[in-house]
Amino acid sequence: MTTLKVEGKKNRRSPRKVAVNVLVHVFLAVLAAIWVLPIFWIILTSFREEPGSYVSTFFPKGYTLNNYVKLFTDRNILNFPKMFTNTLIIAIFTCIISTFFVMSVGYSLSRMRFKFRKPYMNLAMVLGLFPGFMAMIAQYYLLKAMGLTEGGLIRLALIIAYTASTGLGFQIVKGYFDTIPHSIDEAAIIDGASQWQVFTKITLPLAKPILIYTLLTSFMAPWVDFIFAKVICRATASQYTVAIGLWNMLQKEYITQWYTCFAAGAVVVSIPISILFLFTQKYYVDGMSGAVKG
Amino acid sequence: MAQTKKEITVKEAIAKGDVWTKLSMILMGAGLFSHKQKAKGILVFLLEIAFIVFMAGIGISQLAALPGLGESEQGKIWNEAKGIYEYTKGDNSLTILLFGIVTLFVIAAIILLWILQMKQSYKVQKLIETNEHVPTFKEDLKSLINGNLHITLMTLPCLGILVFNIVPLVYMICMAFTSYSKEGNHLTLFDWNGLTQFGRVLNMNGTMGRQFWRVLGWTIVWAIFATFLNYILGMILALIINRKETKGKGFWRFCFILSIAVPQFVSLMIMRTMLQPQGAINILLQNAGLISSPLPFWTNATWARVTVIVINLWVGIPYTLLQITGILQNIPNELYEAAKMDGAGPVTIFFKITLPYMLFVTTPYLISSFVGNINNFNVIYLLSGGGPTNVGDTAGQTDLLVTWLYKLTVDQQYYNIGAVIGILTFVVLTIVTLVTYRNTASYKNEEAFM
C-alpha cells in the first residue's frame, strides 16, 4: 500500500499528469455548461421584459415579474389558472389511486404466493412491449362509449387513464418490498397479526421512502404528460391541463406573445419536480436497478 | 386437508361429483348451496342470472352482429307529407366491434366462474365426505384480509388493467383486420377484410410498404445509435468524473443530473424552438457571420436525423450517468491494478476491462433502454415532429414506427393501417428482446465473468 501511495504522489507531480488533469477539468466544465446553459437560459427568459422567442443578447436587457403575473392572471386567451386547477385536481386523485394500486400489487407479488403470480408478472412484461398509446387511442373510444369525453367528465376520464394500468408498474416497489426481511412479518404473524395488518402496520411504514417516492412521482405524472391529455381532451379547451397549455404557447399563433410566459410556466412546473428529484434521487437509482433485475 | 392438495380438475369434478355437484353444471352454485356454502352458492347463482339477462338483453345481438360488423347504412327517406328527408339510424361498426369484444370478455369471465364453482363444489363435497370443516362464509370473508389478501389487493388493479389496457389492445388488434379507415370512406361502417392491410404494409412495392420498410429501418438505426451512444459516452463521462484525481465529483454530477429534473417535454420544446430557421441558434450564428443562410436542422432529412440523435444524447447521458456510476464503482480494483502492471493504457483498460464488465452486468438495462428507444415517442414527436415529410407520404424522414402510428391514427384516421403498424412494432420488439436476451452472457452463464 505504501509503495502505491508514494507512486501516486510522484505521478501527480509530473507535468504530464498536471496537464491531463487541467484538460479533464476544462472538458468537464465545457460539458457541464452545455448541460446547464439551456436550463439557466429558460430561467433568465422567464424574467425577460421583451416578448418574443428570440432576443439578440444572452442576458435580458430588462427584468420583470410580469410574465409570472400574466401567466396566472390572464384568463382570456390561454386560461392558465384554469389549467392549473384542472391539473391539480387530476394529480391529487391520480396520486392517491395509483399509489394504492402500485403498493397493493407490489406487496401481493412480493409477499403472497398464489397461482396467478407468475402469469401476472409475465403478462406485465408482454403488455410493456406494446407501443404505449396503441392502447391509448382505443382507450379514448372506450371512454367515449362510457360518455366520459364530454365537458367536466374529461377530468374523470383522465384520472382513469392515468391510473387504470398503474398496476403494471410494480417492479420498483416489489423490489423494495423484497429487501425487507421476511422474519419481521413472520414474527408479527406468530403474534396473531393478519396479512392486512402486516401490510398496513409493518411493511408500509418500513417502506416509507418508496411510499413517498411513489406518491410524488404519481402526483407529478399528470403535470408532465401531454400526449394522453391531448388525445382525450381533443378540442375541449376548458379541460386542458398545464402540459397542453405550455405546448400551445409555442404554437405559431401564440409564440411571439407567449414565449416568455411559456418560460415562466416551465419554471413553475420544473421547480417542484427538481426538488422532488433531488430528494428522491437515491430511490430513483435503486428503483431503476431493481426494475432491471426483474 | 393434505390429501386434497392435489389439483382438482373439472373433469374429475363432473365424473366423481354427487348429484348437486353435477347439477351445478347447469344451475351454477347449486353444489355450493347444498354443501353448506349457502351464501356463496346464492352469489354465484345470481351472477349466472345476471349473465343470462345480459346475454338475452344485448349480448346475443352484439355477438350476432360481430361477424358482419353491421350492414345498414344511414338511410335517407323522402317524407312526402313533411317535404323533407328523414334519416334512419344506420349501424356503427365501431360500437358493434367494441361491444362485441366486451361481450366476448364477459363470456370468458362466466366460463372461468363456471370452472371455479365446479371445482369448489367438488372440493367442499369431498370435505363433507371426509368429515372435515367446511369454511363458512364469514371465514371466507375473513381470509380476504389474511391468507387471501392478494385477492382483495389485486382485484381493482387487475380490473383496471383488463378494462383499460387489455380490452383496448384487443380492440386495436382487431382493427388491423378490418377496413376501418378514412380511405374509401369506411369511418362509420366497415367490414372484416382479413390480412389485406398486412399485405399492403409489408409489400415493398406499394406506397404504404415502401414507407413502412423505410420507417422500420430508421427506427432500428435510431434505436441502435440512441442506445449505444448514450451508453458508451455516458460511461466515459462517468469514468472521467470518477477518476481519482477529478476534483468536485459531486458538483459535476449535479450539473448533469439537473437536466433530468426539468420535465422532458419542456426541455425538448425549448430545443425545438431554438433550432428553428428563425430560432436562437441560427440567428446567433448568422449574426456572428459564421453562416449566410439558416442551417436546415428540421428541413433536411440527414440534418434532422443527426440533430435528433445528438439532442437525445443531451437527454439520455445524465440517465446513463445516474444509472451506472454505482456499478462502475463495483468493478473489482484488482482487475485494474493487474492491467496497469501489465502496462495497459487507459484506452486498452476501457475496452478490455470496463466495457466487457459493464456489458455483462447491465445487459438487461441495455435491452430495456433499446425497447424504450424504439418506442421513444417524446423525443421524436416533440423535436422534429417526424419531419421533414416528402410530398404524398404520411411518414416523415425521422418518424419512428410509434410516431407514424400516432400520425396514421390521430391525424390521418387510417386506423386499420395504424393498428397493423402497432402489431408489427410489438413483433419487432418481441424478437429483439428474445434474441438479445438469450444471446447475452448473463443469461447463458450467470457467474461466467469472474
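Conventions we followed
Residues numbered from 1 in each chain as written. Chains lettered and ligands numbered in written order. Predicted model: local features only at pLDDT ≥ 70, side-chain atom pairs only at ≥ 80, totals over all residues. Helix = DSSP H or I, 4+ residues; strand = E, 2+ residues; numbered from the N terminus. Buried ≥ 20, exposed ≤ 12 C-beta atoms within 10 Å, placed from the backbone. Contact = placed C-beta atoms within 7 Å. Domains from an automatic or database assignment. Nonpolar A, V, L, I, M, F, W, Y, C, P; charged D, E, K, R; others polar. pLDDT = per-residue confidence, 0-100.

Another aspect to go through is the overall build of chain A. A tally of helices and strands in chain A yields 14 helices and zero strands. Listed by position from the N terminus, the elements making up chain A come as α-α-α-α-α-α-α-α-α-α-α-α-α-α. Here chain A holds 294 residues, and the buried ones make up 39% of them. For chain A, long-range pairs separated by at least 24 residues make up 72% of all intrachain contacts whose partners lie at least 6 apart in sequence.

Moving on: the domain arrangement of chain B. With domains assigned, chain B is organised as domain 1 (10-75 + 87-143) and domain 2 (197-444). For domain 1 of chain B and domain 2 of chain B, the distance between their C-alpha centroids amounts to 49 Å.

This part takes up the interface of chain A and chain B. Taken residue by residue, the interface counts 61 residues in chain A and 67 residues in chain B. Among the elements of the structure, helix H2 (15-46), helix H4 (80-111), helix H6 (132-145), helix H7 (153-163), helix H10 (195-206), helix H12 (227-233), helix H13 (242-249) and helix H14 (252-293) of chain A are those that each provide at least two residues to the side of chain A that touches chain B. Its residues assigned to classes, the side of chain A that touches chain B shows 46 nonpolar, 14 polar and one charged.

To continue, consider the environment of Phe33 of chain B. Residue and element names in this part refer to chain B. Note that Phe33 resides in helix H3 (residues 30-34). Since 22 C-beta atoms lie within 10 Å of it, Phe33 is described here as buried. If we ignore the near neighbours within four places in the chain, the residues touching Phe33 are Lys38, Gly41 and Ile42.

Attention now goes to the confidence of the model for chain B. All names here are of chain B. Of all residues in chain B, 94% have pLDDT values of 70 or greater, and the mean over the chain is 84. Summarising per-element confidence for chain B, the mean pLDDT is lowest in helix H19 (residues 441-444) (52) and highest in helix H9 (residues 207-242) (91). Under a pLDDT of 50 for its full length, residues 446-450 has, in the predicted model, three contacts with residues more than four places off or in other chains.

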